[in-house]
Amino acid sequence: VSDGSKIGERFNELRGEDVVYAIHRQDRTFLPSREHCPLDATRPGGPRTEIPFPSFEIAVFDNRFPAFESPHGAAEVVVYTDQHDGSFGSLEPQRAEALMWVWRHRYMELGAREDIDYVMIFENRGVEVGVTLHHPHGQIYGYPFLPPVPALELEADRRLGGCAPCALLKRELDDAQRIVHQNESVVAYVPYAARWAFEVHVVIREHRPSLLALEAGELRDLAQALQAVARGYDALFDRPFPYVMVVHQAPTTAPPPDGHLHVEFYPPLRTADKLKYLAGSEQGAGTFISDTLPEESAGVLREAIARAA
Amino acid sequence: VGERAENAHPPERCGVVEIARHLKDDGRALLLYTRIGEGPT
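Residues numbered from 1 in each chain as written. Chains lettered and ligands numbered in written order. Predicted model: local features only at pLDDT ≥ 70, side-chain atom pairs only at ≥ 80, totals over all residues. Heavy atoms only, no water.

Description of the nonpolar core
All names here are of chain A. Val-200, Val-202, Leu-222 and Phe-265 are the most contacted members of the largest nonpolar core, which totals 61 residues. Here the element with the most residues in this core is helix α4 (residues 216–236); it accounts for ten residues. In this view, Leu-222 contacts Met-100, Val-186, Val-202, Ile-204, Leu-211, Leu-214, Leu-261 and Val-263; residues no more than four positions away in its chain are not counted. By size, the runner-up hydrophobic cluster in this structure holds 14 residues, among which are Tyr-118, Met-120, Phe-122 and Val-244. (Core = buried A, V, L, I, M, F, W, Y, C linked by side-chain atoms within 4.5 Å. Buried < 20%, exposed > 50% of the residue type's maximum accessible area, 1.4 Å probe, protein only. Helix = DSSP H or I, 4+ residues; strand = E, 2+ residues; numbered from the N terminus. Contact = heavy atoms within 4.5 Å.)

Comments concerning unusual backbone geometry
Residues and elements named next belong to chain A. In this structure, the amide linkage connecting Ser-70 to the following residue, Pro-71, adopts the cis form with an omega of 5 degrees. In this structure, Pro-71 sits in the loop between β3 (58–62) and β4 (74–79). Pro-255 follows Ala-254 through a cis peptide bond whose omega is -5 degrees. As for its placement among the helices and strands, Pro-255 is situated in the loop between β10 (243–248) and β11 (262–266). The residue Ala-176 is not glycine, and still its phi comes out positive at about 75 degrees. Mapped onto the fold, Ala-176 is located in the loop between α3 (164–175) and β7 (179–182). Positive phi values are uncommon outside glycine, yet Asp-238 reaches one of about 55 degrees.

Some words on the packing of aromatic side chains
Aromatic rings in a pair are described by how distant their centres are and how their planes are angled relative to each other. What the rule picks out here adds up to 16 aromatic pairs over all chains. Ring geometry for A:Phe68 versus A:Phe145: centroids 6.3 Å apart, planes at 70 degrees, classification edge-to-face. Here A:Phe68, found in the loop between β3 and β4, pairs with A:Phe145, found in the loop between β6 (137–143) and α2 (148–160); they are 77 residues apart in sequence, far enough to count as distant. Of the two residues, A:Phe68 and A:Phe145, neither departs from the other in class, the shared state being buried. Plain terms: the ring middles of A:Tyr141 and A:Tyr143 are 5.9 Å apart, the flat faces sit at 70 degrees to each other, and that makes the pair edge-to-face. Residues A:Tyr141 and A:Tyr143 agree in their burial class; the two are buried. Members of the aromatic cluster, joined through ring pairs, are A:Phe68, A:Tyr118, A:Phe122, A:Tyr141, A:Tyr143 and A:Phe145. Directly above the ring of A:Tyr21 sits A:Arg10, whose terminal nitrogen or CZ lies 5.0 Å from the centroid. Its end group placed over the ring of A:Phe61, B:Lys24 keeps NZ or CZ at 5.6 Å from the ring centre. (Phe/Tyr/Trp six-rings, centres within 6.5 Å; stacked < 30°, edge-to-face > 60°. Lys NZ or Arg CZ within 6 Å of the ring centre and 35° of its normal.)

Quick notes on the interface of chain A and chain B
Listed by partner, the interface residues are 26 residues for chain A and 22 residues for chain B. When chain A packs against chain B, close to 2100 Å² is buried across both sides, 55% of that on carbon and sulfur atoms. Sorting the residues of chain A by area buried against chain B places A:Phe53, A:Trp101 and A:His105 first, and these three jointly supply 25% of that buried surface. Scanning the region where chain A abuts chain B turns up five salt bridges. Measuring nitrogen to oxygen at the nearest pair gives 2.9 Å for the salt bridge that ties B:Arg28 to A:Glu50. Elements represented by at least two residues in the side of chain A that touches chain B include exactly β3, α1 (93–111) and α4 of chain A. Take the side of chain A that touches chain B: its biggest share by element is nine residues, from α1(A). The sheet contact formed by β3(A) and strand β4 (residues 29–35) of chain B spans four bridges and is antiparallel. In the strand pairing of β4(B), A:Val60 is matched with B:Leu31. (Buried area = accessible area lost by both parts, 1.4 Å probe. Salt bridge = Lys/Arg side-chain N within 4 Å of Asp/Glu carboxyl O. Pairing = 2+ DSSP bridges.)

Here it is in structure tokens:
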């Protein structure tokens, strides 16, 4: 950044982590009007959008305002539908299943690049988590380094002497009181030590390092479970429920370390109209202080998911 | 509408989706995925 390039990293010694500077993003499109959504299809005679076709199903393109870009990472936008209104949860089940295959394809292609060590597929939903475009979409970052969270997951594997998500899933299944939804391939639960009031982890039952290892039926079941959680969230307080949804997979360094595919939801709401802020303890000490017990959150969320089914 | 299709070869497939690759005028990649049903990965 200091040498004139628009993206750069600096290592924060006190935190032991990289900070990415992408200063051109300050000018990115911010909550445009309905008629000027850049993620709509391009209507004949209408404004040109990011997808210059009159219709499409799922589109992926390089972010116009990237946090990373080749040959030092990647930043992609994944548009779930050409319908402006709606959400991930309201997609037709077949579209959600197709999206799993799109995610899989992007993980495969980006993960094969030498400049990408970690592929993170995610969705920010709601202005509460900083969304700047309401059209249903997610993003993919290809990090040119291993970020702290997946590094901590590998450390958890070492600490537990094997796959941590496998061990934690067994613990949750044995306990059962925090499970909110499950199907043949997937279990969703509020984790024992959730940071957020309605945090949910959606975990593949079998040990699968990444989307590449999932069978077709597991991809279908994953889509079903993710949508069930998203719809349950909306039913919980009868309002669009903001969240950050992140797909956790094995890093793509060579040789790739292990991983266990799971998806984590971090919703900032703790009641219908109150947000959990990252304040003194969370930012200054790194310790989350929660106002709710995961077991109680799981109970009401489980009912909401059942209502929304 | 101005974008260049890179489909010199048949569209790729990945499971239930078919992939069409395009290049936007500013050089950015654009991939369009269309559901086609069950198939080889």
